[in-house]
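Chain by chain, the residues run as shown.
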Amino acid sequence: MTCSRGALIVLEGVDRAGKTTQCLKLVQALQQSGREAEMMRFPDRTTVIGQLISSYLMKKSNLEDHTVHLLFSANRWEMVPLMKQKLEQGINLVVDRYAFSGVAFTSAKPGFSLEWCKNPDVGLPKPDLVMFLQLNPSVAENRGEFGTERYETSFFQCTVHRRFEELMEDKSVNWRVIDAARSIEEVHKDIKLLSENIINFSENQPIGMLWS
Ligand code: ADP
Ligand code: FDM
């Protein structure tokens, strides 16, 4: 007997759009409905590569821009065997940021094309669904002050947002835009429904390869 695979579900969006809140709620809701589900997040700061990234984000160290881009990508690749294993075991993975953040953030820096930024992530497990939590930057600002980490400035975040919009023009990826300005429960309801549908749809499909 073959067991149906889990779905790879990604949440992306600007800072404070509610990604982490919604990932946690989705995993809980899927588990309560009797499905296997686990959360992952990128960067995964627990690995050796993740610690280099974390130190860079906390401005405790500096890294050359190409180098840190490749480290973010390597931090995803090092998780691929585990991700595939879990998906094949029928576990649904709910992921807080993925390669799209990788491309949106690096390509917001001067001199980086979307094309160059996408290359290292070509061939990663392709998400069955990517939900973009859309939130006006002024509303996001009301959800709290920026922290002290790298990239946490209004100007940079606006450029990142434009890069996400360019990425969403790519119809080879199953993007869904979610209005994240509503209440936590309203947003959750949409996310849960879309996720349940994609889980049913993906269970007998092979895992795809991103951007290839
Ligand atoms: P992200 O992971 O996208 O940065 P978080 O889930 O950490 O966002 O949420 C950022 C802040 O906004 C938290 O204080 C959270 O409680 C709050 N928040 C999340 N979703 C909503 C919402 N729909 N309405 C109001 N506040 C929210
Ligand atoms: N980030 C995240 C990147 O620059 N590249 C990536 O590939 C990924 C996954 O790291 F500023 C940025 C986005 C954000 C920071 O913050 C991670 P959180 O709070 O851990 O999501």
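Each remark here, short or long, concerns the structure printed above.
An account of the accompanying structure is given in this report. From a predicted model like this one, the values you see are computed outputs, not experimental measurements. (Residues numbered from 1 in each chain as written. Chains lettered and ligands numbered in written order. Predicted model: local features only at pLDDT ≥ 70, side-chain atom pairs only at ≥ 80, totals over all residues. Heavy atoms only, no water.)

## A short note on the pairing of strand β3 (residues 92-96)
Put simply, side chains in a regular strand alternate between the two faces of the sheet.
Part 1 of the reasoning: With five of five residues buried, β3 is to be regarded as a mostly interior element.
Part 2 of the reasoning: Because side chains alternate across β3, one face comprises the buried residues N92, V94 and D96, and the other comprises L93 and V95, equally buried.
Part 3 of the reasoning: Of the pairings in the sheet, the one linking strand β1 (residues 8-13) to β3 comprises four bridges and is parallel in character. Along β3, the bridge assignment pairs I9 with V94.
Part 4 of the reasoning: Direction of pairing for strand β2 (residues 37-41) relative to β3: parallel, over a ladder of five bridges. The partner of M39 across the bridge, within β3, is V94. (Buried < 20%, exposed > 50% of the residue type's maximum accessible area, 1.4 Å probe, protein only. Helix = DSSP H or I, 4+ residues; strand = E, 2+ residues; numbered from the N terminus. Pairing = 2+ DSSP bridges.)

## A look at the packing of aromatic side chains
Part 1 of the reasoning: A complete count under the given rule lists ten aromatic pairs for this structure.
Part 2 of the reasoning: Between F105 and F156 the ring centres are 6.2 Å apart and the planes differ by 50 degrees, which places this aromatic pair in the tilted class. Pair noted here: F105 is in helix α5 (residues 99-106) and F156 is in helix α8 (residues 154-167), with a separation of 51 residues, a long-range link.
Part 3 of the reasoning: By way of ring pairs, the aromatic residues F42, Y98, F100, W175 and W211 are connected into one cluster.
Part 4 of the reasoning: The lysine or arginine in question, R16, covers the ring of F146, its NZ or CZ lying 4.3 Å from the ring centre.
Part 5 of the reasoning: Its end group placed over the ring of Y56, R150 keeps NZ or CZ at 3.9 Å from the ring centre. (Phe/Tyr/Trp six-rings, centres within 6.5 Å; stacked < 30°, edge-to-face > 60°. Lys NZ or Arg CZ within 6 Å of the ring centre and 35° of its normal.)

## Re the site of ligand 2
Part 1 of the reasoning: Every residue lining ligand 2 is accounted for by R41, F42, P43, R45, L57, F72, R76, R97, S101, G102, F105 and Y151.
Part 2 of the reasoning: A distance of 2.8 Å separates an oxygen atom of ligand 2 from a polar side-chain atom of R97.
Part 3 of the reasoning: Measuring from an oxygen atom of ligand 2, one finds a backbone N or O atom of G102 at 3.4 Å.
Part 4 of the reasoning: The cavity that encloses ligand 2 is the largest pocket.
Part 5 of the reasoning: Listing elements by their share of the shell around ligand 2, those giving two or more residues are α3 (65-77) and α5. (Near = heavy atom within 4 Å. Polar contact = N/O pair within 3.5 Å; in protein donor to acceptor, adjacent residues only side chain to side chain. 1 Å grid on protein atoms, 1.4 Å probe; cavity = no way out; pocket = protein on both sides within 12 Å on 5 of 7 lines; lining within 4 Å. Sits in = over half its atoms within 2 Å of the grid points.)

## Considerations on α8
Part 1 of the reasoning: For α8, which comprises 14 residues, the first-to-last C-alpha distance of 20 Å matches the rise-based estimate of 20 Å (1.5 Å per residue) to within 8%.
Part 2 of the reasoning: The complete set of buried residues in α8 reads F156, Q157, T159, V160, H161, F164 and L167.
Part 3 of the reasoning: In this structure, the buried side of α8 is in contact with β1, α5, α6 (114-118), β4 (129-134) and β5 (175-179). (Expected span 1.5 Å × (residues − 1). Contact = heavy atoms within 4.5 Å.)

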